[in-house]
Amino acid sequence: MTAELAVGLALCAIFIAFAALMYTGKLPAIAALPLMAAGLFLTAAIFFPNLAETFPGPRWLGVLKGFFTVVISDGMGKMWHYMIAVILGAALAEQLKTSGAGKAIIRWASELGGDNPTVVSLVLMLVCALLFTSLGGLGAVIMVASIVLPVLLAIGVTAEAAGCIFLLGLCLGGLFNPVNWQFYITALQLETGQVTTFAIPLFFLFLIVSVVFVVLNTRRGRSSSFWAAAVSAGSEPQPGAAGLLTPLVPLAILLPFYGWKMLLTLGQMYRWGFLSRFAMPQWDFPINAALLIGVLWGALFMPRPAQGRIQGLIKNIFDGVAATAPVAALIIGIGMIINVVWSPAVAYYMAPLINKIIPSSPVAYVLVFTALAPLALYRGPLNVWGMGIAMARQATELLGGRLTAQSAPGKGTVFHLLLPQDCGQ
């Protein structure tokens, strides 16, 4: 066994150990991710042959410099774009909650559906999807669920089906949530157009499955002992039509822009003549800018808070920051993991092992990760809110080619991305 292979196996053992601690609930992800990042980097840096070229001085000093630079300084701020998106999304959610817009939308949808359980369930599922294109966080989930679930139970939908309908709506909206888009863009170094290319077709496939589920589980109304309590809306603020459109504002800015861009790309791929006359837009509209416009739209068109619009906006932002503090702590750990995995020291030892593990063809990629899908569940080692996002980033690179690390005299570690044809595939 070579020294490089031994260090690589040691890094895998560190990953497995911390993944097991997270999966069994022995160690929360907020603590496990930074500790895992520190363990991976220190183990690799101690033996990395070219450490002095990046961090000059004695080896112990180079390891110390690398740790505070790669893990702490650069790692903690790796996901700052996404942190801003989370704060803006949380501020938008606070606006919907404090203004009563979320309740008004759900109440209007339930009245529109009438007494037909299937129609009401479909409408409420779509409303949940609409709300969660902008909402996010545990507080928003509790707020919407506390309104939607009693309505579904009151019309005779079983508790199991009602919970599933709500979760289906949440996932449908999450496909178009700009905050989620920003997470994948930041973590995987993607462009917005690449995310929408997957999000739009997946939305329609998921929508078909969701509609079939609702129809099969609500065709016969059932009696229920749960009833929605009558709520007096007289003392609550009543948002106008412009205020009710607030959840759609970021999506209305982003989706047409990138939907049109995706259509032009398909036109080029399939040689659709009627689209050849249009030029591809060269500017990607920033997601955080769209979220900020949505927040400002809500501040202008939502019911005026008692303390004034400016003070109300500031309060919503502060409440959003407080609500996302646990998420921000987790994001810091994710950034550390991503930065460490892609540091030269760790990649030098991990690249050969990753090349052997990651499937080299699209078909094998789909089959392997479909079989490993249970590992992406809550606390699983492949969950995107953890080590899984770092592995996903490596997979995006290795699916189209193979990453190799070679030591070049006087040049440190040189990374080569070999195309499939270079690998004899």
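Check the entry above for the structure.
Residues numbered from 1 in each chain as written. Predicted model: local features only at pLDDT ≥ 70, side-chain atom pairs only at ≥ 80, totals over all residues. Heavy atoms only, no water.

> Explain the environment of Asp-319 residue by residue, including any values.
Here Asp-319 lies in helix H15 (residues 309-323). Residues Asp-319 and Gln-95, 224 residues apart in the sequence, show an inter-C-alpha distance of 10.0 Å. Side chain to side chain, Asp-319 and Lys-315 meet in a polar contact 2.8 Å long. (Helix = DSSP H or I, 4+ residues; strand = E, 2+ residues; numbered from the N terminus. Polar contact = N/O pair within 3.5 Å; in protein donor to acceptor, adjacent residues only side chain to side chain.)

> Describe the packing of aromatic side chains, naming the residues involved and giving the relevant values.
According to the stated counting rule, one finds eight aromatic pairs in the structure shown. On the numbers, 4.5 Å between centres and 45 degrees between planes, the contact of Trp-297 with Phe-301 is tilted. Of this pair, Trp-297 and Phe-301 both sit in helix H14 (residues 287-301), four residues apart, roughly one helical turn. Overall, Trp-297 belongs to the partly exposed group, its relative accessible area being 29%. Taken together, a centroid distance of 4.9 Å and an interplanar angle of 90 degrees make the contact between Tyr-348 and Tyr-349 edge-to-face. Judged by its relative accessible area of 12%, Tyr-348 is buried. Owing to a relative accessible area of 5%, Tyr-349 belongs among the buried residues under this scheme. Each member of the aromatic cluster is reached from another via a ring pair, and the members are Phe-176, Trp-181, Phe-203 and Phe-204. (Phe/Tyr/Trp six-rings, centres within 6.5 Å; stacked < 30°, edge-to-face > 60°. Buried < 20%, exposed > 50% of the residue type's maximum accessible area, 1.4 Å probe, protein only.)

> Which residues make up the nonpolar core, and what are the values?
Core analysis: the biggest nonpolar cluster contains 92 residues, and Leu-11, Phe-41, Met-79, Ile-106, Val-144, Trp-181 and Val-340 have the highest contact counts within it. It is helix H2 (residues 29-47) that contributes the most residues to this core, nine residues altogether. Setting aside its immediate chain neighbours within four residues, Leu-11 contacts Leu-40, Thr-43, Ala-44, Val-346, Tyr-349 and Met-350. Ala-91, Leu-92, Ala-299 and Leu-313 belong to the second largest nonpolar core, which has five residues in total. (Core = buried A, V, L, I, M, F, W, Y, C linked by side-chain atoms within 4.5 Å. Contact = heavy atoms within 4.5 Å.)

> So what's going on with the environment of Glu-160? Which residues, and what values?
Tracing the sequence through the fold places Glu-160 in helix H9 (residues 159-174). A C-alpha to C-alpha distance of 9.7 Å links Glu-160 and Asn-217, two positions 57 residues apart in sequence.

> Which residues make up the pattern of salt bridges, and what values do they have?
A side chain with one charge can pair with a side chain of the opposite charge if their charged atoms come near. The tally for this structure, following the rule as stated, stands at one salt bridge. Measuring nitrogen to oxygen at the nearest pair gives 2.8 Å for the salt bridge that ties Lys-315 to Asp-319. One end of the pair is Lys-315 and the other is Asp-319, both in helix H15 and four residues apart, which spans about a single turn. According to the relative accessible area criterion, Asp-319 is partly exposed, its value standing at 26%. (Salt bridge = Lys/Arg side-chain N within 4 Å of Asp/Glu carboxyl O.)

> Account for the side chain of Thr-324, with residues named and values stated.
Along the chain, Thr-324 turns up in the loop between H15 and helix H16 (325-341). Here the side chain of Thr-324 touches Gly-320 through a polar contact of 2.9 Å, landing on its backbone oxygen. Each residue touching Thr-324, except ones within four places of it in the same chain, is listed here: Val-86, Ile-87 and Ala-90.

> Could you give an account of the packing of helix H5 (residues 80-99) against H14, with specific residues and numbers?
Interaxial distance between H5 and H14 falls to 9 Å at its minimum, and their mutual angle equals 20 degrees. When the axes of H5 and H14 are compared, the pair comes out roughly parallel. For the pair H5 and H14, the sense of crossing is left-handed. Contacts between H5 and H14 involve His-81, Ile-84, Ala-85, Leu-88, Ala-91, Leu-92 and Gln-95 from the former and Asn-288, Leu-291, Leu-292, Gly-294, Val-295, Gly-298 and Ala-299 from the latter. (Axes fitted to C-alpha atoms, helices over the stretch in contact; angles between N-to-C directions. Parallel < 35°, antiparallel > 145°, perpendicular 65-115°, else oblique. Left-handed = near helix turned anticlockwise from the far one by under 90°.)

These figures come from the coordinates and say nothing about function on their own.
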